Amino acid sequence: MDPVLDRIGELRVVPVVVVDGADEGARLADSLVAGGLPVAEVTLRTPGALAALEAVAAQPDVLVGAGTVVTAAQVDQVVEAGARFLVSPGLFEPVVRRAQERGVPILPGVATASDLMRAVDLGLDVVKLFPASVVGGPAAVKALSGPFPQMRFMPTGGVSAANLHDYLALDAVLAAGGSWMVDRALVTAGDWAEITRRTREAVGLAADPSYREA
Ligand SMILES: O=C(O)C(=O)C[C@H](O)[C@H](O)COP(=O)(O)O
């Protein structure tokens, strides 16, 4: 597997963040490092998302990716801003192919077996399951893994501290993604301490081996 995806698999949890501008990006990076989870998927959902991405990328300890990448042009923009992995809500071939041309791993969103067939055809071995809770949660991962035993998933959408273990217990799950640690309201309120607390809690949950026995 790609070394960046391997690293995501070691970290097991990927905070999905909505941050706007370099200042929020830098503070976010510090908060995640303080919480022991040096990885972020910076979504392209704010006017200052690229500046935020660059600020996170400037923190050498943090593995930064870009989320909500929906066009091939955005692939170029985020790679140039320093993104080391890309995440897309769906599977759109021009986006996947551009990422492959740029040599940056991409996790496109899948929700059906047909999406997975296209992912396999594109040579992918890790995908995002999105929106995970809506398409069936851990049961959907299990069911979709049947015909695609080599595929690994990053369920995202509706993941929280309350259900993280249900996903991480599955062998097919590389890591789980979600915004619960970095709620947008906490960012706008400047409550970086709460972001660090939630991040640390997620790290603790991911490190707790009890879910393996469930
Ligand atoms: O737009 C994208 O590319 C995304 O990455 C979507 C996010 O993964 C989800 O919006 C996170 O879902 P929640 O954790 O339920 O907030």
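Before any of the text, the structure's been laid out above.
Residues numbered from 1 in each chain as written. Predicted model: local features only at pLDDT ≥ 70, side-chain atom pairs only at ≥ 80, totals over all residues. Heavy atoms only, no water.

Chemist: Tell me about the site of the ligand, and please be specific about residues and values.
Modeler: The local shell around the ligand holds 13 residues, among which Thr 68, Lys 128, Thr 156, Gly 158 and Ser 179 are the closest. Residue Glu 41 places a side-chain N or O atom 2.9 Å away from an oxygen atom belonging to the ligand. Across the complex, the protein chains shield 82% of the 400 Å² of accessible surface that the ligand would expose by itself. For the shell around the ligand, the class distribution of residues is three nonpolar, seven polar and three charged. (Near = heavy atom within 4 Å. Polar contact = N/O pair within 3.5 Å; in protein donor to acceptor, adjacent residues only side chain to side chain. Areas by Shrake-Rupley, 256 points an atom, 1.4 Å probe, with all protein chains shown as cover. Nonpolar A, V, L, I, M, F, W, Y, C, P; charged D, E, K, R; others polar.)

Chemist: Pulling in residues and values, what's your account of the packing of helix H2 (residues 22-34) against helix H3 (residues 49-57)?
Modeler: For the pair H2 and H3, interaxial distance at closest approach is 7 Å and the crossing angle is 35°. Between H2 and H3 lies a crossing of right-handed hand. Taking contact as the criterion, the partners of Ala 22, Gly 25, Ala 26, Leu 28 and Ala 29 in H2 are, on H3, Ala 51, Ala 52, Ala 55 and Val 56. (Axes fitted to C-alpha atoms, helices over the stretch in contact; angles between N-to-C directions. Helix = DSSP H or I, 4+ residues; strand = E, 2+ residues; numbered from the N terminus. Left-handed = near helix turned anticlockwise from the far one by under 90°. Contact = heavy atoms within 4.5 Å.)

Chemist: Outline the side chain of Arg 12, listing residues and values.
Modeler: Relative to the assigned elements, Arg 12 resides in the loop between helix H1 (3-11) and strand E1 (13-17). Buried Arg 12, no salt bridge; nearest opposite-charge side chain is Asp 171, N-O distance 7.4 Å. Within the structure, Arg 12 has its side chain in polar contact with the backbone oxygen of Val 173 (distance 2.7 Å). (Buried < 20%, exposed > 50% of the residue type's maximum accessible area, 1.4 Å probe, protein only. Lys, Arg positive; Asp, Glu negative; His and termini not counted. Salt bridge = Lys/Arg side-chain N within 4 Å of Asp/Glu carboxyl O.)

Chemist: Give me the pattern of salt bridges: which residues, what numbers.
Modeler: Scanning the model with the defined rule gives 11 salt bridges in all. Of the charged contacts, one joins Arg 102 and Asp 76 as a salt bridge, the two residues approaching to 2.8 Å between their closest N and O atoms. Here Arg 102, found in helix H5 (residues 93-102), pairs with Asp 76, found in helix H4 (residues 72-80); they are 26 residues apart in sequence, far enough to count as distant. Judged by its relative accessible area of 18%, Asp 76 is buried. Ionic pairing is found between Glu 93 and Arg 97, a salt bridge with its closest N-O pair at 3.2 Å. One end of the pair, Glu 93, and the other, Arg 97, are both in helix H5, four residues apart, so they sit about a helical turn from each other. Since its relative accessible area comes to 35%, Glu 93 is described here as partly exposed. What you see here is one network of salt bridges that share partners, running through Asp 76, Glu 80, Arg 98, Glu 101 and Arg 102.

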